[in-house]
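Chain by chain, the residues:
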Amino acid sequence: MFLARTVDKSAARFITAPDVCLKRCFSSTLGCLNNKPTFQFKTKKKTKEDLKEEEAQKRYQEALESGDRFRIWAAYARTNEYDRKALKWYILGYGAFILYGITYFKKAFAKEKEKEALVEKFQKEGTLSEWEHLRLKELNHDKLRTTDSIKLAEYHKLWDEYKMKLVKATSEEELAQIGEFDPKPEDISEYKEYQTKILPPKDLTELYNELASNYDSDINLEETLSFMGSKRKWLMKEIEGDVLEVACGTGRNIKYLDPTQISSITFLDASTKMLEIAKEKFRRQFPQFPRAAFVVGKAEDLLDITSKDDAVKYDCIVETFGLCSHYDPVKALKNMARLLKPGGRVILLEHGRGSYDFINNQLDSRADRHSKTWGCRWNLDIGELLDQSGLEIVEEKRHHFGTTWCVIAKNPGDTVKPKELGWYEKYFKPSNPSQEAQR
């Protein structure tokens, strides 16, 4: 009986077990249907670059909303998009820079070889043609005056034509006929047109005698507006020792003179009446100064005036707006050079051609009218006159669009004073082996 009861219980358990399993499965299925599954994805951790880009985009949006163009561009420049685009331009720019550098240094190397060839030719033959001389000055980056610049431009045109002929030549016979490039001065003529713009010289003694009484009052306003007083002050600060002032006029520099820095001073002018005014000014301002002389004469006649005493030499010879009034300014400068003591200086304050074409065109067009009023030729190239005189320029400064020249010059062979050297010349400028060839 016990066994039967046990069997019955076991059978019942076996019978009811599938039902229980189905019930559990059904309940779990209903639970799955009633409760929506939740899925959790593993997110990527943001890097510093991502955070930086988000911040940049945020600022860019704020800038767009502000409407400020500067803020918009500043914000855009911080984005990755800008960096990607800019990188392309950086690479292109760097490539262009490399190509430019290669081209530049090729040309520089060719110019250096050309300069060496010209110097070597001068050392062997002792002379250069006008084209070679001007080309050497150009290669050395020396200052080219008006006539030289015009001539050089014409020679370059001939050089371009010569190269075109070489390119078009199809046989060795044609190349032989073309020959080497050897232009002559007769092959150019445009520079002569510039020379026609310079008025012929004339004796202005009588004109300045007429202008003498009212000269200071007539010129005061113009000099005040152009701050010419500061230039005259510079001129008189440079003088020392025994001084000669050429074309002194009415003595407009006297009020800037410091008598303690000079030993003697001589005033020279062709106008007797102007010289009398200068003398009166000097005696009134410096009545006790003993060594002052006043001489009537022209700069072109300086050697004749001083021939009686060969010992007359000067430490400084100064001139203010006088070269434009001389009949022969180059001869005047040469005379000044011969009257300098060793180590002496010619100090000039002049007006002449400017640094710009539009200024020079005005000077040329009004040259005749200005000459009738004041006598002088205000469109002369002062640097060109100095080069022709043989003087060496130590210092050259230009003002008023290049029309006002402040120049200190010396005789060839005299040493340059330490105070006259700029920092570049003192420490960096190498000796120039082609300097003698340029002369």
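Above: the structure in question.
The following paragraphs examine the structure supplied in this document.

What counts and how
Counting starts from 1 at the beginning of each chain's written sequence and moves along it residue by residue. Whole-chain, interface and lining totals are the exception, using all residues; otherwise, since this is a predicted model, local features are given only for residues with pLDDT of at least 70 and side-chain atom pairs are given and counted only at 80 or more. Derived side-chain values reflect all non-hydrogen atoms in the structure, with water molecules and hydrogen atoms excluded from consideration. Helix numbering and strand numbering both begin at the N terminus, where a helix is a DSSP run of H or I of at least 4 residues and a strand a DSSP run of E of at least 2. Note on exposure labels: buried denotes an accessible area under 20% of the residue type's maximum, exposed denotes more than 50%, and partly exposed covers the range between, all computed with a 1.4 Å probe on protein chains only. Only heavy atoms matter for contacts: two residues are in contact if any of them lie within 4.5 Å across the pair. Using a 1.4 Å probe, accessible areas were evaluated by the Shrake-Rupley method; residue-level cover was limited to the displayed protein chains. The definition of a polar contact used here is a pair of N or O atoms within 3.5 Å, where within protein one atom must be able to donate a hydrogen and the other to accept one, and adjacent residues in sequence count solely through side-chain atom pairs.

The next subject is the overall build of the chain. Per the secondary structure count, the chain includes 18 helices and 7 strands. Across the 439 residues that make up the chain, the buried fraction comes to 36%. At a minimum sequence separation of 6, the contacts of the chain that also span at least 24 residues come to 68%. Accessible surface, the chain: about 29100 Å² in total, of which carbon and sulfur atoms supply 56%.

Attention now goes to the environment of Glu280. Residue placement: Glu280 occurs in helix α11 (residues 272-285). On a C-alpha basis, the gap between Glu280 and Gly251 in space is 9.1 Å, while along the polypeptide they are 29 residues apart.

A few words now on helix α16 (residues 382-389). Of all 8 residues making up α16, 6 are buried, and the element is well covered by its neighbours. Residues Ile382, Gly383, Glu384, Leu385, Leu386 and Ser389 constitute the buried set of α16. The secondary structure elements touched by the buried residues of α16 are α6 (146-168), α8 (191-196), α13 (329-338), β5 (340-351), β6 (392-399) and β7 (404-410). Between the side-chain oxygen at the start of α16 and the backbone nitrogen of Gly383 there is a gap of 3.1 Å, and the oxygen is on Asp381. Gly390 sits one or two residues past α16 and shows a positive phi near 90 degrees.

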